[in-house]
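Single-letter residue listing:
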Amino acid sequence: MNVQLNNITVQKVKSSKINEVDFSNLAFGSVFSDHMLECTYKNGVWETPKVVPYQPITLDPSSKIFHYGQSIFEGMKAYKDEEGSVWLFRPLENQKRLNISAKRMAIPELPEEYFIDGLTTLLQVDKEWIPQNPGSSLYIRPFIFASGNGFHASPADEYKFIIATAPSGAYFSGKVKVLIEEKYSRSANGGVGYAKAGGNYAGQFYPTQLAKVKGYQQVIWTDDNTHEYIEEAGAMNIFIRINDTLLTGPTSDRILDGITRKSILEIAADEGIKTEVRKISVTEVVKAAKDGSLKEMFGAGTAAVVSPISGFGYQDTDYELPELENSYSTLLKKRITDIQYNRAEDKFGWRHKVL
Ligand code: PLP
Ligand code: COI
């Protein structure tokens, strides 16, 4: 039976899968909630979204997504606090970034209200799927792909916007060991690195496989021109602490403008930590590792939250990072997750109550 919620039609599942899920042992993004939001772009307009049972999608073999990779996505989380209220973190930033990605990939931009009202309705319907145990959340994956047909190499005339959700635990288990890349590039000037385009991730898989064989979990990308400057990791922005200064590279058309990154910069400044957004050379980081001024490195992202880096490889040498008692990563992770899970005051106004 269909019901209307926030002017969105909701078609509920006949029976929920929720009892099959072990909420005390959640991996990242591998079980999916009962429903999804679906919205079609056709005849030049985005139609009103619907909430439907989570289900496979049928596509024609000539759908342009398969051939030309017109596909973009976002990553967000819904957090449940101790009272059972549900919160999002800076959701308008994701909505805006989806449309920045859409523009670059010649995908029609999605109306803001379809994103926010659609997501709110989906969360209302699948509220029980939002985990409450520490470190867990409902990972939200909004995405748009070209569903229109034809082998002509040009933008599709039909698209699907879908939001699927997955109750999830941590993205990384434990500290991350990274390899600073000297040969391959994730993105280039004038390219699509700043867009959350599916192809940006596919292009990283092969160099990351090579790094994994050598014992590293993530690649740290360097600039495509000289491979001398640190850019970002596969699924997170990078922070480096030299002495007591926290550094991160500037965003550019090669780097994803991470919402966690910009939040961490504001929280760090609020904590009185000296921050610098500037180009960081690999030479500087290696020198700091050798003379002991490199105190910590960590990644920041929605899935990864704040993930400490245990060490890095560069030019066939491994550099270990020290174990710190009062690390910036521990402090900043606590500050940001306390805001996200409604455990502390949100002086920045980032928390958005959904339910
Ligand atoms: N960089 C890349 C390539 C990512 O995939 C992500 C994850 O979304 C980030 C950085 C971090 O961005 P955010 O903090 O907005 O999740
Ligand atoms: C996220 O942090 O939400 C991302 O999109 C990273 C993803 C590749 C897991």
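Structure's up top.
The following refers to the structure shown. (Residues numbered from 1 in each chain as written. Chains lettered and ligands numbered in written order. Predicted model: local features only at pLDDT ≥ 70, side-chain atom pairs only at ≥ 80, totals over all residues. Heavy atoms only, no water.)

Looking at helix 7 (residues 328-340)
Reasoning step 1: In a regular helix each residue adds 1.5 Å, so 13 residues correspond to 18 Å; helix 7 covers 18 Å between its end C-alpha atoms and thus fits that length.
Reasoning step 2: Turning to helix 7, its buried residues number three or more, namely Tyr328, Ser329, Leu332, Ile336, Thr337, Asp338, Ile339 and Gln340.
Reasoning step 3: Among the residues trailing helix 7, asparagine 342 stands out with phi positive, at a value near 60 degrees. (Helix = DSSP H or I, 4+ residues; strand = E, 2+ residues; numbered from the N terminus. Expected span 1.5 Å × (residues − 1). Buried < 20%, exposed > 50% of the residue type's maximum accessible area, 1.4 Å probe, protein only.)

A closer look at the side chain of glutamate 181
Reasoning step 1: If you trace the backbone, glutamate 181 turns up in the loop between strand 11 (176-180) and helix 4 (198-213).
Reasoning step 2: Lysine 214 provides the closest opposite charge to the buried, salt-bridge-free glutamate 181, at an N-O distance of 7.4 Å.
Reasoning step 3: Only 3.0 Å separates the side chain of glutamate 181 from the backbone nitrogen of lysine 183, close enough to count as a polar contact.
Reasoning step 4: Every residue in contact with glutamate 181, bar those within four places of it in the chain, is listed here: Pro207, Val219, Ile220, Trp221, Thr222 and His227. (Lys, Arg positive; Asp, Glu negative; His and termini not counted. Salt bridge = Lys/Arg side-chain N within 4 Å of Asp/Glu carboxyl O. Polar contact = N/O pair within 3.5 Å; in protein donor to acceptor, adjacent residues only side chain to side chain. Contact = heavy atoms within 4.5 Å.)

Quick word on the site of ligand 1
Reasoning step 1: Neighbouring ligand 1 are 17 residues, the closest being Arg97, Tyr201, Glu232, Thr260 and Thr302.
Reasoning step 2: Between ligand 1 and lysine 196 there is a distance of 2.8 Å, counted from an oxygen atom to a side-chain nitrogen or oxygen.
Reasoning step 3: Threonine 302 is positioned with one of its side-chain polar atoms (N or O) 2.6 Å from an oxygen atom of ligand 1.
Reasoning step 4: Protein chains bury 97% of the 380 Å² of accessible surface belonging to ligand 1 in isolation.
Reasoning step 5: Secondary structure elements with two or more residues in the shell around ligand 1: strand 13 (230-233), helix 5 (259-270) and strand 17 (294-301). (Near = heavy atom within 4 Å. Areas by Shrake-Rupley, 256 points an atom, 1.4 Å probe, with all protein chains shown as cover.)

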